[in-house]
Amino acid sequence: MKYNVNSWLIICILLLSLVVRVVGLGGNPTILNRDEAAIGYNALLLAQTGTDEWGKTWPLTLQSFGDYKLIGYPALVSVLFKFFEPSDFLVRVPSAVAGVGTLFVLYLLLSRFTNNKRPPIFFLGLLACTPLFFFYSRIAFEANVALFLFLLFIFWIFRPVDTKTIYYDILAGLLITVAIVTYNTPLLLLPFIIFLLPFIRGLNNSKQWLLITVYLVCISSFFFLTFHTLTEQKQGITIFSDVTTHYNYIQYRNSLSGIEQKFLGNKYYYYFSLILPRFIKSFGPEFLVFRGGSHPWHQLPEWSHLFITQYIFVVV
C-alpha cells in the first residue's frame, strides 16, 4: 500500500499525539484522584475475584467511595491487570488510547463532507493540541472512553446504505452498548439517534433501519430501567439538591412581597435565573479561553480549555 504526503502527515500527528499522552502517564498528574483510585481498586478486585468491593459479581453499576460507577471502564482496566502488573499507568491507558482514537474518528467524520483532505488534517492537528482533549486523555475519565465509542457508533450507523449495512449495524450496536455501560451520556443521546435514523436512511426503506432501530429502542429502554439507582445517586449532586442554593432561595423569596413574590419568587424562575447565565458563560471566552473552571480534575493547571485561535475559528 502506498502512502502519500497527507497519509504520512495523519500518521505522524496520531503517533505524536499518542506519545505525548502516554509518556509519564503513571506519574503526571502525580497521583490518582479519588475517581481514578475507585476505578483502579474495583478493576483489581474484578481481575482477581470477579467481584466488586461489595462482593457483587460483575455488576453493571459499581458502588464505590459513596459514588456509583458504570462497569465499562473498570472492566477494561481489569483486562489489562490480567496481563500486566497493576499500576497507575494502566488505570489511565484506556483514556489515553481513546483520546487518540477520538481524534482519528473525528477526522474520518469530517472527511465525509469534503474531498479535500487538507481541512480535515488541519482540524485533526488542531484538536490534537487542544488543552481540553490533551488533559482528559491523561486522566482516567470514563467520559473520554465513552466519547470515542459513541463517535465510532455514529461513524458506522450513519454510513451510506449498501449491501454491507447489516454488518455495520451489528458493529454499531456493539459499540453503543459498550459506550452506554461506560458512561451515561451516550444513553441520554441515543433517543435522538433513534429518531433521526429512519429519516436519514429513508422512511420508505424500512428494511435498512427497522432492525437496528428496534435493537436501539430495546437497549435504551433496558438501560434506562437498569440504571435507576445510578440516576437517583446523580440527582444528589445537582443544583436542585444543593442545600445552600435552597437556603438562598428561601431568603430571596422572603425578600419579596405581594404579586412580585408570586411571579418572581417562585422556584422555577429562581433556578432558571441561576442556570441561564451560567449556561451562556460556558460558551464565553472567559471560561473557555482565559480562566477555565475551578475544578482541578477538569483542566491543565494554569490553562483553560481552548486556545484563543481555536475559539475564534469556532465563532467564525
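Residues numbered from 1 in each chain as written. Predicted model: local features only at pLDDT ≥ 70, side-chain atom pairs only at ≥ 80, totals over all residues. Heavy atoms only, no water.

**Student:** Sorry, what's going on with unusual backbone geometry here?
**Tutor:** Glycine aside, negative phi is the norm for most residues, and most peptide bonds take the trans geometry. Non-glycine residue W58 carries a positive phi angle of around 40 degrees. Residue placement: W58 occurs in the loop between α2 (34-49) and β1 (61-64). (Helix = DSSP H or I, 4+ residues; strand = E, 2+ residues; numbered from the N terminus.)

**Student:** Can you walk me through the packing of α2 against helix α3 (residues 72-83) in this structure?
**Tutor:** Two quantities define a packed helix pair, namely the angle between the axes and the distance from one axis to the other. Where α2 meets α3, the axes come as close as 8 Å, and the angle between the chain directions of the two elements is 55 degrees. By the angle between their directions, the pair α2 and α3 is classed as oblique. As for how α2 packs across α3, the hand of that crossing is right-handed. Of the residues in α3, those in contact with I39, G40, A43, L44, L46 and A47 of α2 are Y73, P74, V77, S78, F81 and K82. By residue class, the composition of the contact of α2 with α3 is 9 nonpolar, 2 polar and 1 charged. (Axes fitted to C-alpha atoms, helices over the stretch in contact; angles between N-to-C directions. Parallel < 35°, antiparallel > 145°, perpendicular 65-115°, else oblique. Left-handed = near helix turned anticlockwise from the far one by under 90°. Contact = heavy atoms within 4.5 Å. Nonpolar A, V, L, I, M, F, W, Y, C, P; charged D, E, K, R; others polar.)

**Student:** Could you clarify how one ought to interpret the packing of helix α4 (residues 88-111) against helix α5 (residues 118-128) in this entry?
**Tutor:** Between α4 and α5, the least distance of the axes is 9 Å, while the angle of their chain directions is 155 degrees. With respect to their mutual orientation, α4 and α5 come out roughly antiparallel. Where α4 crosses over α5, the two elements pack in a sense that is right-handed. Between α4 and α5, the contacting residues are L103, F104, L106, Y107, L110 and S111 on the first element and P119, P120, I121, F123, L124, L127 and A128 on the second. Residues belonging to the contact of α4 with α5 are distributed by class as follows: 12 nonpolar, 1 polar and no charged.

**Student:** How do you make sense of the pattern of salt bridges when you look at a structure like this?
**Tutor:** Opposite charge on two side chains permits pairing when their charged atoms draw close. As enumerated under the stated definition, the model contains 5 salt bridges in all. One salt bridge in this structure joins E36 and R92, with 2.8 Å as the shortest N-O distance. Placement of E36 in helix α2 and of R92 in helix α4 is noted, with a sequence separation of 56 residues between them. A single burial state applies to E36 and to R92, both of which are buried. Close ionic contact of E142 with K69 constitutes a salt bridge, the shortest N to O distance being 3.8 Å. Placement of E142 in helix α7 (residues 142-157) and of K69 in strand β2 (residues 67-70) is noted, with a sequence separation of 73 residues between them. With respect to class, E142 is no different from K69; both count as buried. Residues joined by salt bridges that share partners form a network here, namely D35, K69 and E142. (Salt bridge = Lys/Arg side-chain N within 4 Å of Asp/Glu carboxyl O. Buried < 20%, exposed > 50% of the residue type's maximum accessible area, 1.4 Å probe, protein only.)

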